[in-house]
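So you can see what is in the structure, the chains are spelled out below.
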Amino acid sequence: MSKISPCLWFNGEAEEAANFYVSLLPGSKIETVQRNPVDSPSGKAGSVLVVEFTLAGQGFMALNGGSHLEYTQAISFKIDCADQAEVDRLWDGLLAGGGQAVRCGWLKDRYGVSWQVVPGVMMKYLGGADREGAKRAMAAMMQMVKLDIAELKKAYEGA
């Protein structure tokens, strides 16, 4: 496990959010739940303070920080997907309960966290040897909200 892990700030939803994320990705689990030992700005004694969890092998921490802070799209989490079925499943899962689709494979989940749901083959199309094909694939991607592998391939191949 890496020495560096993202810490996500919540206002009382840390455990709920961690369970939501863990439910979406294989190889994920809640590691520990730490509770407030005393009443504090982050919550009452006994309430959840920190949840450490693993998403597909990457460690995360969810912190109930005691106030609401907005996330920015300047930081996002990229998920490499094996195929369109995985893109669709994760896209729909992350949008469930009030998420917002953005564009080019980006979305914000119900907590405001930004994600990129990306097919693993996308870099083949955007960085492939056929530079004209890569330009067409990039132009196609820029028109998409959820990424569509078949359409990216079609654009790259000029079909």
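(A) How the structure looks around the side chain of Thr54. Checked against the element boundaries, Thr54 lands in strand 3 (residues 48–55). Engagement of the side chain of Thr54 in a polar contact is seen with the side chain of Glu31, the distance being 2.7 Å.

(B) Region of interest: the sheet that holds strand 3. Taken in spatial order, the 4 strands make up an open sheet running 1-4-3-2, and their pairing is mixed. Strand pairing shows two members of the sheet lacking a second neighbour, strand 1 (7–10) and strand 2 (29–35), which therefore form its edges. Here the strands of the sheet are splayed against their neighbours by 20 degrees on average, with no regard to which way each runs. Relative to strand 3, strand 2 is paired through 6 bridges, and the arrangement is antiparallel. When the bridges of strand 3 are listed, Arg35 appears paired with Val48. Packed on one face of the sheet, helix 1 (residues 14–24) meets strand 1, strand 2, strand 3 and strand 4 (58–64) and runs near 10 degrees to strand 3.

(C) A look at the sheet that holds strand 8 (residues 114–119). Here 4 strands make up an open sheet; going across it, the order is 5-8-7-6 and the pairing mixed. Looking at strand neighbours, the two that pair on one side only are strand 5 (77–81) and strand 6 (100–101), the edges of this open sheet. In the sheet, strand 5 pairs with strand 8 via 5 bridges, with the strands oriented parallel. Note that in strand 8 the partner of Phe77 across the bridge is Trp115.

(D) Quick peek at the environment of Lys153. Relative to the helices and strands, Lys153 resides in helix 5 (residues 149–157). Measuring from C-alpha to C-alpha, the distance between Lys153 and Lys124 comes to 9.3 Å, with 29 residues separating the pair along the chain.

(E) Molecular detail of the packing of helix 4 (residues 131–143) against helix 5. Two elements in contact, helix 4 and helix 5, have axes whose closest approach is 7 Å; the angle formed by their N-to-C orientations is 145 degrees. Helix 4 and helix 5 meet at a crossing whose hand is right-handed. Every residue of helix 5 that contacts helix 4 at Gly133, Ala134, Arg136, Ala137, Ala140 and Met141 is listed here: Leu152, Ala155, Tyr156 and Glu157. Among the residues forming the contact of helix 4 with helix 5, the class breakdown is 7 nonpolar, 1 polar and 2 charged.

(F) Just the nonpolar core, in detail. One finds Phe10, Tyr21, Phe53, Leu55, Leu94, Trp115 and Val117 to be the most contacted residues of the largest nonpolar core, which totals 29 residues. Going through the elements one at a time, strand 1, helix 1, strand 3, strand 4, strand 5, helix 2 (84–95) and strand 8 are the ones with two or more residues in this core. Tallying contributions element by element places helix 1 first for this core, with 7 residues. Residues contacting Trp115, with those up to four places away along its chain left out, are Tyr21, Leu55, Ser76, Phe77, Ile79, Leu94, Gly105, Trp106, Leu107 and Asp109. With 13 residues, the next largest nonpolar core counts Leu126, Leu147, Leu152 and Ala155 among its residues.

(G) Molecular detail of the pattern of salt bridges. On inspection of all chains with the given rule, the structure shows 6 salt bridges. Taking the shortest distance from any N to any O, the salt bridge between Glu132 and Lys135 comes out at 3.3 Å. One end of the pair, Glu132, and the other, Lys135, are both in helix 4, 3 residues apart, so they sit about a helical turn from each other. Judged by relative accessible area, which is 45%, Glu132 ranks as partly exposed. Between Lys153 and Glu157 there is a salt bridge; the shortest N-O distance is 3.9 Å.

Definitions and cut-offs
Residues numbered from 1 in each chain as written. Predicted model: local features only at pLDDT ≥ 70, side-chain atom pairs only at ≥ 80, totals over all residues. Heavy atoms only, no water. Helix = DSSP H or I, 4+ residues; strand = E, 2+ residues; numbered from the N terminus. Polar contact = N/O pair within 3.5 Å; in protein donor to acceptor, adjacent residues only side chain to side chain. Pairing = 2+ DSSP bridges. Axes fitted to C-alpha atoms, helices over the stretch in contact; angles between N-to-C directions. Contact = heavy atoms within 4.5 Å. Left-handed = near helix turned anticlockwise from the far one by under 90°. Nonpolar A, V, L, I, M, F, W, Y, C, P; charged D, E, K, R; others polar. Core = buried A, V, L, I, M, F, W, Y, C linked by side-chain atoms within 4.5 Å. Buried < 20%, exposed > 50% of the residue type's maximum accessible area, 1.4 Å probe, protein only. Salt bridge = Lys/Arg side-chain N within 4 Å of Asp/Glu carboxyl O.

Scope: geometric values only; no functional claims are made or implied.
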